[in-house]
Amino acid sequence: MSKFVIYDKTTGQIRQVSTVENIRSISHLLTNDVDCLETESEISDNKFYVDTENKTFQEIPQQPDEFHVWDWGTHNWESTKTVEIEKEIKWKEIKQKRSAAIEKPFATDYGTFDAGLYARMCLKNAEQHLENLSQSDPQATTTFTLEDNSEVELNKTQISEIVSGLIARTEECYSIARNLRKQIALANTTSDLNAINWPDQ
């Protein structure tokens, strides 16, 4: 038994892979537009095409993303992205960078604190707890765990300073994102969008 790959002579697109006794068994499928190659390799129509000039099998590269389609004329992935689609992708990227900047560990004079959502809630709760305790004990403190898992003792003034700093950083991140979104809306080309990036902080 022999394996034959039947393909389009113009585009190299594989139409069928047949294992038959000999080429006569598929001769009725061969036309002016269709030819075949014998092979012993594992060839599939969605992973390979035929280089019609050299009569060799070429692997189709991986699709870069969902916005690319395979062009049988050029044998390349061609982008179908419009500027509007690229704007949506850029805004999604900016929002991810915004979240990362908000949640980046927060360095203070008292140590570096985790700044994820749960950590920020814990700090806010600790601030409220010390506010309540300070009514009867102005010197009250609480123990808080830092990013490196060490501990620090904080009073009401210190923890309020940390919470205020985190709020200020969050507001700054949202302000940066709003400005970048305005730039995205005004962009007319891919080059315009590529020039829009989250700043180093």
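Everything below is about the structure printed above this text.
Being a predicted model, the structure only gives us computed values, none of them experimental. (Residues numbered from 1 in each chain as written. Predicted model: local features only at pLDDT ≥ 70, side-chain atom pairs only at ≥ 80, totals over all residues. Heavy atoms only, no water.)

Here's the deal with the overall build of the protein
- Helix and strand counts for the protein come out as four helices and 11 strands.
- Taking 17 Å as the expected radius of gyration for a compact globule of 201 residues, we find that the protein reaches 31 Å, considerably beyond that expectation.
- With the C-alpha coordinates aligned to their principal axes, the bounding extent of the protein is approximately 100 × 45 × 20 Å.
- Partitioning the intrachain contacts of the protein with sequence separation of at least 6 by distance along the chain shows that 48% fall at a separation of at least 24.
- When the accessible surface of the protein is totalled, it reaches about 13000 Å², and 45% of it is carbon and sulfur.
- Positive and negative charge centroids in the protein, built from 21 and 34 side chains respectively, lie 5 Å apart. (Helix = DSSP H or I, 4+ residues; strand = E, 2+ residues; numbered from the N terminus. Rg over C-alpha atoms; globule rule 2.2 N^0.38 Å. Contact = heavy atoms within 4.5 Å. Areas by Shrake-Rupley, 256 points an atom, 1.4 Å probe, with all protein chains shown as cover. Lys, Arg positive; Asp, Glu negative; His and termini not counted. Charge placed at Lys NZ, Arg CZ, Asp CG, Glu CD.)

Topic: the nonpolar core
- Membership of the largest hydrophobic core comes to 15 residues, with the highest contact counts inside it found for Phe113, Leu123, Phe144, Leu154, Ile159 and Ile162.
- For this core, the secondary-structure elements that each account for two or more residues are helix 2 (117–133), strand 11 (151–155) and helix 3 (156–186).
- If one sorts the elements of this core by residue count, helix 3 sits on top with four residues.
- Every residue in contact with Phe113, bar those within four places of it in the chain, is listed here: Pro105, Phe106, Thr108, Leu123, Phe144, Leu146, Glu147, Val152, Leu154 and Ile162.
- Ile176, Leu193, Ile196 and Trp198 belong to the second largest nonpolar core, which has 13 residues in total. (Core = buried A, V, L, I, M, F, W, Y, C linked by side-chain atoms within 4.5 Å. Buried < 20%, exposed > 50% of the residue type's maximum accessible area, 1.4 Å probe, protein only.)

Side note on the packing of helix 1 (residues 83–103) against helix 3
- Relative to each other, helix 1 and helix 3 sit at 170 degrees, their axes nearing to 10 Å. Relative to helix 3, helix 1 is oriented roughly antiparallel. Facing Lys87, Lys90, Trp91, Ile94, Arg98, Ala101, Ile102 and Glu103 of helix 1, the residues of helix 3 in contact are Arg169, Thr170, Cys173, Tyr174, Ala177, Leu180, Arg181, Ile184 and Ala185.
- Here the residues of the contact of helix 1 with helix 3 sort into 10 nonpolar, one polar and six charged. (Axes fitted to C-alpha atoms, helices over the stretch in contact; angles between N-to-C directions. Parallel < 35°, antiparallel > 145°, perpendicular 65-115°, else oblique. Nonpolar A, V, L, I, M, F, W, Y, C, P; charged D, E, K, R; others polar.)

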